[in-house]
Amino acid sequence: MSINVEQFAAANKATVDSLLAVANTALASAERVAALNLSTARSALEDVASNTRQVMEAKTPQAALEAQKAMAQPVMEKAAAYSRSIYEISTQTQQELAKMAETQFSEFQKSVANMVELAAKSAPAGSEGAVAAVQSAIAAANSAFGNMNSIAKQFADAAQKNMSAAFKQGK
């Protein structure tokens, strides 16, 4: 069993494509976070200017105090909104990366299965036990990955529900 140049080139191209997809996903996420941070900073600056104006225009100390108190609630709401946005960005990025990993693992599984099948066809007589052991090991690894992936999805779903509940309570 030998790997020809075309198979090697295809494997290298697939690896580069996968790395580029991961890099593009990470960069898109970073862009979204940067845009959110810029928007939040701009909004905070505008709020500070407006709030300072309101306090400075107050005619009495009591009015100034009331103006300051009125500012606290919107600040907390905006902080919660910012946290929700960051959480959404990170969740979406994690989901995209998980899909990529699943696709890559699926392609890897197909490739290994093809190699094992090819090796089984060209194996000498009497090596059926060894081939069966390799196939069994691959099946066990696939099952373990499936179980791990299922547990990871359950954990992510539970975390998502907990975060959603926490954000709803914060409103």
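Residues numbered from 1 in each chain as written. Predicted model: local features only at pLDDT ≥ 70, side-chain atom pairs only at ≥ 80, totals over all residues. Heavy atoms only, no water.

Novice: Lay out the side chain of threonine 93 in plain terms, naming residues and giving numbers.
Specialist: The residue threonine 93 is located in helix 2 (residues 61-122) in this model. For threonine 93, a relative accessible area of 13% puts it in the buried group. Of note is the side chain of threonine 93, whose polar atom sits 3.0 Å from the side chain of serine 29. Setting aside chain neighbours within four positions, we find threonine 93 in contact with Thr25 and Ser29. (Helix = DSSP H or I, 4+ residues; strand = E, 2+ residues; numbered from the N terminus. Buried < 20%, exposed > 50% of the residue type's maximum accessible area, 1.4 Å probe, protein only. Polar contact = N/O pair within 3.5 Å; in protein donor to acceptor, adjacent residues only side chain to side chain. Contact = heavy atoms within 4.5 Å.)

Novice: Describe in detail the layout of surface pockets, supporting the description with residues and values.
Specialist: Approximately 420 Å³ is the volume attributed to the second largest pocket. Around the second largest pocket, the lining is made up of 17 residues, and of these Gln94, Ala98, Ala152, Lys153 and Ala156 lie nearest the centre. Sorting the residues of the lining of the second largest pocket by element identifies helix 2 and helix 3 (128-170) as the ones contributing at least two each. Broken down by element, the residue count for the lining of the second largest pocket peaks at 9 residues, all from helix 3. (1 Å grid on protein atoms, 1.4 Å probe; cavity = no way out; pocket = protein on both sides within 12 Å on 5 of 7 lines; lining within 4 Å. Points joined across faces, edges and corners; volume = space filled by probe spheres on them.)

Novice: Tell me what's going on with the pattern of salt bridges, and back it up with residues and numbers.
Specialist: According to the stated counting rule, one finds 3 salt bridges in the structure shown. Between aspartate 17 and lysine 13 there is a salt bridge, with the nearest N and O atoms lying 2.7 Å from each other. Of the two residues, aspartate 17 and lysine 13 both sit in helix 1 (residues 5-57), 4 residues apart, roughly one turn of that helix. The closest approach of N and O atoms between lysine 78 and aspartate 47, which form a salt bridge, is 2.4 Å. Note that lysine 78 is positioned in helix 2 and aspartate 47 in helix 1, a separation of 31 residues in sequence. Residue lysine 78 is classed as partly exposed on the basis of its relative accessible area, which comes to 41%. In this structure aspartate 47 comes out as partly exposed when scored by relative accessible area, which is 24%. (Salt bridge = Lys/Arg side-chain N within 4 Å of Asp/Glu carboxyl O.)

Novice: An account of helix 2 is needed here, citing residue identities and associated values.
Specialist: In this model, helix 2 (62 residues) spans 91 Å end to end at C-alpha, consistent with the 92 Å of a helix rising 1.5 Å per residue. Ala64, Ala67, Met71, Arg84, Tyr87, Ile89, Thr91, Thr93, Phe105, Val112 and Val116 are the residues of helix 2 that are buried. (Expected span 1.5 Å × (residues − 1).)

Novice: Account for the environment of serine 85, naming residues and giving values.
Specialist: Along the chain, serine 85 turns up in helix 2. Exposure remark for serine 85: the relative accessible area of 24% places this residue in the partly exposed category.

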